[in-house]
Amino acid sequence: MSTLKITDLKVSIETDQGTKHILKGVDLTLNEGEIHAVMGPNGSGKSTLAYTIAGHPRYKVEGGSIELDGENVLAMSVDARARAGLFLAMQYPVEIPGVTVSNFLRTAKTAIVGEAPAIRPWTTTVREAMKNLRMDNEFSARNVNEGFSGGEKKRHEILQLELLQPKFAVLDETDSGLDVDALKIVSEGVNRAHDTTGLGILLITHYTRILRYITPDFVHVFVDGRVAEEGGPELAERLENEGYDRFLVDQPAGA
Amino acid sequence: MSTSTTDSTAAERLGIRAHSDGPVVRASAAPASFVPVQTRSERFASVHHADFAEVTGFEAEWKLTPVDRIRSLIDGELDGSAYAIMYPEVEGTTVEWIPRDDPRIGTAGTPEERASANAWTNFDNALLIDVSGEVETALTVTRSTLGDAPRAGHTIITAQPNSSALVVLDSRGGATLTENVEILLAEGAHLTVVSLQEWDAPALHLASHFARIGRNAQLKHFVVSLGGSVVRVNPSAHLAEEGSDTELFGVYFADADQHLEQRVYVHHDAPHSRSRVTYKGALNGHGARTVWVGDVLIAHSAPGTDSYEQNRNLVLSEGTRADSIPNLEIETGDIVGAGHASATGRFDDEHLFYLQSRGITEEEARRLVVLGFLSEIIQKIGEPVLEQRLLAALEAELRAVA
Ligand SMILES: Nc1ncnc2c1ncn2[C@@H]1O[C@H](COP(=O)(O)OP(=O)(O)O)[C@@H](O)[C@H]1O
Ligand SMILES: [Mg+2]
């Protein structure tokens, strides 16, 4: 069984105002097949956690560790992490001019698997996956994320999740900006990937809305760069009713 | 006054110089201490080499060009005879050599600098490419045996009324060449001209293209510069009649010690004319050098003009230099739109991160991003076979980058 283990993770970034410490000692363990929701207010460091797992060069690890089945993830390049089975569905996917979706997907699949997929079955697989996500076939010919609506970008992220079949996926606010229909479609995609591959999921969200469609095994409340409280799905219900206020009382005003 | 482009935050973070202005009115553009900018339409022009002053290399026209490498073309004796060309028979097109006193010669434009005038003074015969009717097959005229002796060239492409065609001028092999290319579009003609510079590495090539675009005619023009030591191709488009339209594209890839230059001039000279200029380049290796100058003049005679020009450069290594200079002169207040943008930058880290986060190696990610960046121009040609071939040529250039 695969395990992604985050221990006492401390992360900072360089800003114009100097070094900013964002993650202040995060502990989290994900096992294959588990769904963990990470919930927290804006600015609490959720995206920082996601980017640090994926290896974005902007985030500097000051201490702690991330291990995938005992392997030191922090020593791996961004692409090596993806090939080792980690996936990040981004909150703000970037446009890549001149690179078509079909070229991108095939290149990524080739990189992950280590050899080019046979064209016919691959084309069929992609078409099916797009159909499941209610994506028109003409998406293949468009440039990656270029001119995509917010909802289309998120579907495209989940399309990749389904096609690349990682061991662990971090979904960074995949629900934000989606209307109810799109949220259902995207959630179905995540559940499909979970059911077919035994994927472990770190579901980052600000709202409880997506948890109606994707049921977490564990809920972690994230405040000021730390896990402030942990529990089962019932914790999400409490947050739904009470909000984050009770976690924020120690915070200086305006932080 | 300049305002940042929409991607300026990302750009600034990555140390990219971004520049994008709205229309600039000439009278107010230059600080008082500057010599007033001469309007482009009043620039001196002559077909005689002797009418131009010696080139010092300090002139605005030449100061970004390595003039010492091209003295033989600016001032030297030139062989002006006809040369070998290869082309297939394409119905609706004729290709022939015509004498220099043919009345069609000199109707599209006149040299504005000494190397162009040297070519004009010295050519014996001109290559005439004529298209009429709707030509479905692309006509590719290839020259590959010019040799290294300094030469003068002259080409005229004429598109008859309501004709449509795609003409490719494919240049390979060695060359020390200065030449003029006249492009004449009669009423309603739709012509695409692709000027392909795939010269051998030591080649020297200076070219001025003069296009005259008639009523409701459209010219799509591509400058694709990949090979050669110094390659300077300067296209100008005269939107001479009502409803004329031009799209000028360029793509270039400069390797170590390679100088690739393009000075574009669009002259809006009739009502309701439209122009789009889009040039993209990549630079890799020590001494890789590119120059893009984009002059757009919207004359009194051109109310209802719609114009936009942009240049983007992608820097792939240390030791390169890209100059990118848009100039917009507006003489009439009655325009639909006029703008320009220019940006030179390194790889966008966010692009690389996104691709790498999907398992793609950094090297492959760079290749994808550069190819994507440049293929946006290639995709506009609209000739799949040629597009595929040029993409392959770009891939070959990129193999040297890793
Ligand atoms: N690139 C950045 N530049 C400046 N500050 C940043 C940057 N990225 C994150 N931060 C700051 O770090 C904190 C955590 O941000 P983030 O991880 O995006 O939080 P969340 O995803 O929970 O909203 C915030 O205070 C945010 O302003
Ligand atoms: Mg976030």
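These figures come from a predicted structure and were not determined experimentally.

Draft legend 1. A look at the overall build of chain A. The helix and strand tally for chain A stands at 8 helices and 10 strands. Considered along the principal axes of its C-alpha atoms, chain A spans approximately 55 × 40 × 40 Å. Residues counted as buried form 51% of the 255 residues belonging to chain A. In chain A, of all internal contacts separated by at least 6 residues, the share reaching a separation of at least 24 is 71%. Roughly 11,400 Å² of accessible area belongs to chain A as shown, and the carbon and sulfur atoms make up 47% of that amount. Here chain A contributes 27 positively and 37 negatively charged side chains, and the mean placements of these two sets differ by 4 Å.

Draft legend 2. Summary view of the site of ligand 1. All names here are of chain A. In the neighbourhood of ligand 1, 14 residues make up the surrounding shell, with Gly43, Lys46, Ser47, Thr48 and Arg58 lying closest. Here an oxygen atom of ligand 1 and a backbone polar atom of Ser44 are 3.2 Å apart. At 2.9 Å from a nitrogen atom of ligand 1 is found a side-chain nitrogen or oxygen belonging to Arg58. At the level of secondary structure, the elements contributing two or more residues to the shell around ligand 1 comprise strand 1 (3-15), strand 2 (18-31) and helix 1 (46-54).

Draft legend 3. Examining the coordination of the magnesium ion (ligand 2) more closely. All names here are of chain A. Taken together, the protein ligands of the magnesium ion (ligand 2) are Ser47 (OG) and Gln91 (OE1), with distances of 2.1 to 2.5 Å. Linking Ser47 in helix 1 with Gln91 in the loop between strand 6 (86-89) and helix 3 (101-113), this pair joins segments that are 44 residues apart in sequence. A relative accessible area of 13% places Gln91 in the buried class.

Draft legend 4. Main features of the sheet that holds strand 9 (residues 218-223) of chain A. Residues and elements named next belong to chain A. Taking strand neighbours across the sheet as the criterion, the 6 strands line up as 6-7-8-3-9-10 in an open arrangement whose pairing is mixed. Single-partner strands in this sheet number two, and they are strand 6 and strand 10 (226-231). Averaged over all pairs of adjacent strands, the angle between strand axes in this sheet comes to 20 degrees, irrespective of strand direction. Two strands pair when backbone bridges link them, and strand 3 (residues 35-39) and strand 8 (residues 200-205) are joined in this way by 5 bridges, in the parallel orientation. Each residue of the ladder has a partner; that of Ala37, found in strand 8, is Leu203.

Draft legend 5. Local environment of the pattern of salt bridges. Tallying each qualifying case throughout the model produces 43 salt bridges over all chains. Here Lys60(A) ties to Glu62(A) by a salt bridge, and the two come within 3.9 Å at their closest N and O atoms. Since its relative accessible area comes to 38%, Glu62(A) is described here as partly exposed. Three or more residues are tied together by salt bridges with common partners; here these are Arg40(B), Arg43(B), Glu61(B), Glu112(B), Glu113(B), Arg232(B), Glu261(B), Arg263(B) and Asp295(B).

Draft legend 6. Structural detail: the interface of chain A and chain B. Taken residue by residue, the interface counts 35 residues in chain A and 20 residues in chain B. Across the chain A to chain B interface the summed buried area is about 2,100 Å²; carbon plus sulfur atoms make up 66%. For the salt bridge of Arg358(B) with Glu157(A), the shortest nitrogen-to-oxygen distance reads 2.7 Å. For the pair chain A and chain B, the interface holds 10 residue pairs in polar contact (both at pLDDT 80 or more).

Draft legend 7. View of the nonpolar core. Residues Leu49(A), Leu161(A), Leu171(A), Val194(B), Phe253(B) and Val370(B) are the most contacted members of the largest nonpolar core, which totals 112 residues. Element by element, the count of residues in this core is highest for helix 6 (residues 362-378) of chain B, at 9 residues. Looking at this core, you find at least three residues from each of domain 1 (78-346) and domain 2 (347-402) of chain B. With 53 residues, the next largest nonpolar core counts Val131(B), Val266(B), Ile298(B) and Ala322(B) among its residues.

Conventions we followed
Residues numbered from 1 in each chain as written. Chains lettered and ligands numbered in written order. Predicted model: local features only at pLDDT ≥ 70, side-chain atom pairs only at ≥ 80, totals over all residues. Heavy atoms only, no water. Helix = DSSP H or I, 4+ residues; strand = E, 2+ residues; numbered from the N terminus. Buried < 20%, exposed > 50% of the residue type's maximum accessible area, 1.4 Å probe, protein only. Contact = heavy atoms within 4.5 Å. Areas by Shrake-Rupley, 256 points an atom, 1.4 Å probe, with all protein chains shown as cover. Lys, Arg positive; Asp, Glu negative; His and termini not counted. Charge placed at Lys NZ, Arg CZ, Asp CG, Glu CD. Near = heavy atom within 4 Å. Polar contact = N/O pair within 3.5 Å; in protein donor to acceptor, adjacent residues only side chain to side chain. Donors = N, O, S within 2.8 Å, 3.2 Å for Na, K, Ca; no water. Pairing = 2+ DSSP bridges. Axes fitted to C-alpha atoms, helices over the stretch in contact; angles between N-to-C directions. Salt bridge = Lys/Arg side-chain N within 4 Å of Asp/Glu carboxyl O. Buried area = accessible area lost by both parts, 1.4 Å probe. Core = buried A, V, L, I, M, F, W, Y, C linked by side-chain atoms within 4.5 Å. Domains from an automatic or database assignment.

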